[in-house]
Amino acid sequence: QAKAAGRDTLRFFASAMQVSVTARALLENQLRNAAGKNQFELHYQAQVKGDGTLIGAEALVRWHHPTRGMLLPAAFIGLAEESGQILALGRWILEAGCAQLARWQNKPLTASVRLAINVSARQFRHPRFVDDVYRAIRESGADPHQLKLEMTESVLFDDIYDTSARMSEIRKLGVGFSLDDFGTGYSSLSYLKILPIDQLKIDQSFVRDVQTNKGDAAIARTIVSLADSFGLEVIAEGVENRGQRDHLAALGCHSYQGFLFNRPMPASQFEQRLGQPFVSENMRMH
Ligand code: C2E
Ligand code: MG
Ligand code: MG
Ligand code: MG
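Only a predicted model underlies this, so the values are computations on that prediction, with no experimental measurement involved.

Engineer: Outline the coordination of the magnesium ion (ligand 2), listing residues and values.
Structural biologist: Taken together, the protein ligands of the magnesium ion (ligand 2) are Glu58 (OE), Asn118 (OD1), Glu150 (OE) and Asp180 (OD), with distances of 2.0 to 2.3 Å. The metal-metal distance between the magnesium ion (ligand 2) and the magnesium ion (ligand 3) is 4.1 Å, with Asp180 serving as a donor to both. Taken together, the residues span a long stretch of sequence, with Asn118 in strand E4 (residues 114-118) and Asp180 in strand E6 (residues 176-182) at a distance of 62 residues. Given a relative accessible area of 7%, Asp180 falls into the buried group.

Engineer: I'd love a proper account of the pairing of E6, names of residues and values included.
Structural biologist: Of all the 7 residues making up E6, 6 are buried; the element is thus mostly covered by neighbouring parts of the structure. Strand direction decides the pairing type here: strand E5 (residues 147-152) and E6, joined by 5 bridges, are parallel. Counterpart to Leu149 in the pairing with E6 is Phe177. Bridge count between E6 and strand E7 (residues 199-202): 3 bridges; the pairing is parallel. Looking across to E7, one finds that Ser178 is bridged to Gln199.

Engineer: Describe the site of ligand 1, listing the residues and the values that go with them.
Structural biologist: In the vicinity of ligand 1, 22 residues are found, and the nearest of them are Arg62, Asp180, Gln204, Glu240 and Phe259. Gln45 is positioned with one of its side-chain polar atoms (N or O) 3.0 Å from a nitrogen atom of ligand 1. Considering ligand 1 on its own, with 790 Å² of exposed area, one finds that the protein chains cover 82% of that surface. Applying the majority rule of atoms within 2 Å of the grid points places ligand 1 in the largest pocket. For the shell around ligand 1, the element with the most residues is strand E2 (residues 54-65), which contributes 4 residues. Classifying every residue of the shell around ligand 1 gives 9 nonpolar, 6 polar and 7 charged.

Engineer: Which residues make up the side chain of Gln39, and what are the values?
Structural biologist: Structurally, the position occupied by Gln39 is in the loop between helix H1 (2-34) and strand E1 (40-49). When its relative accessible area of 12% is taken as the criterion, Gln39 is described as buried. Side chain to side chain, Gln39 and Trp63 meet in a polar contact 3.0 Å long. Residue contacts for Gln39: discarding those within four places in its chain leaves Gln30, Ala34, Arg62, Trp63, His64 and Pro66.

Engineer: If you had to explain the layout of surface pockets to someone new, which residues and values would you point to?
Structural biologist: Here the largest pocket is characterised by a volume of approximately 940 Å³. Around the largest pocket, the lining comprises 35 residues; the ones closest to its centre are Glu58, Leu60, Pro73, Asn118 and Asp180. Where the lining of the largest pocket is concerned, the elements lending two or more residues are E1, E2, helix H2 (77-82), helix H3 (86-105), helix H4 (121-125), E5 and E6. Per element, the largest residue contribution to the lining of the largest pocket is 5 residues, and it comes from E2. Class assignment for the residues of the lining of the largest pocket results in 15 nonpolar, 10 polar and 10 charged.

Engineer: An account of helix H5 (residues 129-140) is requested, with residue identities and associated values reported.
Structural biologist: Taking 1.5 Å of rise per residue, 12 residues should cover 16 Å, and H5 covers 17 Å from first to last C-alpha, within 8% of that figure. Buried-residue contacts for H5 involve H3, H4, E5 and helix H6 (160-171). Gly141, located one to two residues past H5, shows a positive phi value of around 80°.

Engineer: Just give me the short version of unusual backbone geometry, but keep the residues and values in it.
Structural biologist: Within the chain, Asn38 stands out as a residue other than glycine whose phi angle is a positive 60°. Positionally, Asn38 belongs in the loop between H1 and E1. The class for Asn38 is exposed, based on a relative accessible area of 67%. Despite not being glycine, Asp181 has its phi angle at roughly 50°, a positive value. Along the polypeptide, Asp181 turns up in strand E6. For Asp181, a relative accessible area of 24% translates into the label partly exposed.

Engineer: Tell me what's going on with the packing of H3 against H5, and back it up with residues and numbers.
Structural biologist: Put simply, H3 and H5 touch, their axes get as near as 8 Å, and they point 30° apart. Accordingly, the angle class assigned to the pair H3 and H5 is roughly parallel. Crossing geometry of H3 relative to H5 is assigned as right-handed. Each of Leu87, Arg91, Leu94, Glu95, Cys98, Ala99 and Ala102 in H3 lies in contact with H5, whose residues at this interface are Phe129, Asp132, Val133, Arg135, Ala136, Ile137 and Ser140. In terms of residue class, the contact of H3 with H5 is built from 9 nonpolar, 1 polar and 4 charged.

Engineer: For the pairing of strand E8 (residues 233-237), give the residues involved together with the corresponding values.
Structural biologist: Side chains on a regular strand alternate between the two faces of the sheet. For E8, the buried fraction is high: 4 of the 5 residues fall into the buried class. Where E7 and E8 come together, 4 bridges link them in parallel fashion. Counterpart to Ile202 in the pairing with E8 is Ala236. For E8 and strand E9 (residues 255-257), the ladder comprises 2 bridges, and the chain directions are parallel. Its bridge partner lying in E9, Ala236 is registered against Tyr256. Between E8 and its parallel partner E9, the chain crosses via helix H9 (residues 242-250), and the hand of that crossover is right-handed.

Parameters at a glance
- Residues numbered from 1 in each chain as written.
- Chains lettered and ligands numbered in written order.
- Predicted model: local features only at pLDDT ≥ 70, side-chain atom pairs only at ≥ 80, totals over all residues.
- Heavy atoms only, no water.
- Donors = N, O, S within 2.8 Å, 3.2 Å for Na, K, Ca; no water.
- Helix = DSSP H or I, 4+ residues; strand = E, 2+ residues; numbered from the N terminus.
- Buried < 20%, exposed > 50% of the residue type's maximum accessible area, 1.4 Å probe, protein only.
- Pairing = 2+ DSSP bridges.
- Near = heavy atom within 4 Å.
- Polar contact = N/O pair within 3.5 Å; in protein donor to acceptor, adjacent residues only side chain to side chain.
- Areas by Shrake-Rupley, 256 points an atom, 1.4 Å probe, with all protein chains shown as cover.
- 1 Å grid on protein atoms, 1.4 Å probe; cavity = no way out; pocket = protein on both sides within 12 Å on 5 of 7 lines; lining within 4 Å.
- Sits in = over half its atoms within 2 Å of the grid points.
- Nonpolar A, V, L, I, M, F, W, Y, C, P; charged D, E, K, R; others polar.
- Contact = heavy atoms within 4.5 Å.
- Points joined across faces, edges and corners; volume = space filled by probe spheres on them.
- Expected span 1.5 Å × (residues − 1).
- Axes fitted to C-alpha atoms, helices over the stretch in contact; angles between N-to-C directions.
- Parallel < 35°, antiparallel > 145°, perpendicular 65-115°, else oblique.
- Left-handed = near helix turned anticlockwise from the far one by under 90°.
- Right-handed = clockwise from strand over helix to strand, strands pointing away.

Shown next, in the form of structure tokens:
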């Protein structure tokens with residue numbers, strides 16, 4: 001009896017695993033065809049000063065899946081990295097982002113907008129990455145001085161000198177670098193003196209409870225002071241209400257990104273949104 005039950009359990013797990021392996025293979029296949037079928041789209045979220053002045057935008061990829069609707073990066077970026085498809089997807093993101101930046105640079109209202117594009121560690125590590133960046137800039141005609149690449153600390157698990165050389169190669173064009181989700185990784189701080197970085201992004205996990213949690217506030221304040229000491233810009237992400245923004249301002253952080261200002265949206269909507277100030281959104285929250 002117990003043995004039979006055990007076998008059934010085993011069979012159950014095996015078939016559950018089978019389903020997930022099949023589902024994963026299916027998703028991987030759909031992902032492979034997605035770019036060709038025009039299913040990816042970049043959404044843009046504003047980066048602003050305390051008074052709502054626009055500094056720039058971050059490009060965030062979305063996948064319009066044939067049956068599941070719009071998927072967020074959490075549903076497919078990991079798979080793209082594990083299956084090696086991140087290089088092709090990342091190249092599409094670079095091209096689409098640079099093309100959008102060039103279009104914005106050609107319109108008076110958006111000419112000074114800076115664009116941040118996320119780069120995954122695996123994508124950055126690929127031997128063709130530097131070429132891809134050069135090509136995306138050349139073919140779009142975008143001014144690279146208004147382009148920033150966001151990377152997490154996980155790129156720093158590689159050879160720091162190799163990483164630094166690659167970044168310098170890209171920096172020659174005028175492209176900047178931002179360390180995303182700063183403070184959540186396990187890397188040593190010594191890379192801050194080696195790498196050509198321009199900006200630290202305070203992760204939203206420290207922003208969420210910055211008003212009530214002393215530890216989070218201490219980390220946010222430390223990141224601001226680190227940025228000051230190294231002459232870097234600092235921006236807080238995931239700012240959802242005025243209380244968080246005001247608290248961050250008191251800690252010395254004056255650039256923000258988050259739902260308080262706007263949700264990520266398609267380029268056309270983002271452009272319409274530029275007609276109004278960015279602070280008045282989400283009044284309901286306060
Ligand atoms: P991230 O780069 O740290 O992006 C910030 C994430 O926080 C975005 O989620 C954004 O929609 C969300 N967010 C913005 N403001 C708020 C807020 O006020 N409250 C809350 N709760 N969330 C907020 P999203 O778009 O789902 O992206 C998640 C992550 O996926 C990104 O984190 C980034 O690591 C990755 N990702 C997004 N786009 C790309 C891409 O084009 N390439 C690569 N390699 N990774 C990407
Ligand atoms: Mg980012
Ligand atoms: Mg982040
Ligand atoms: Mg994050």
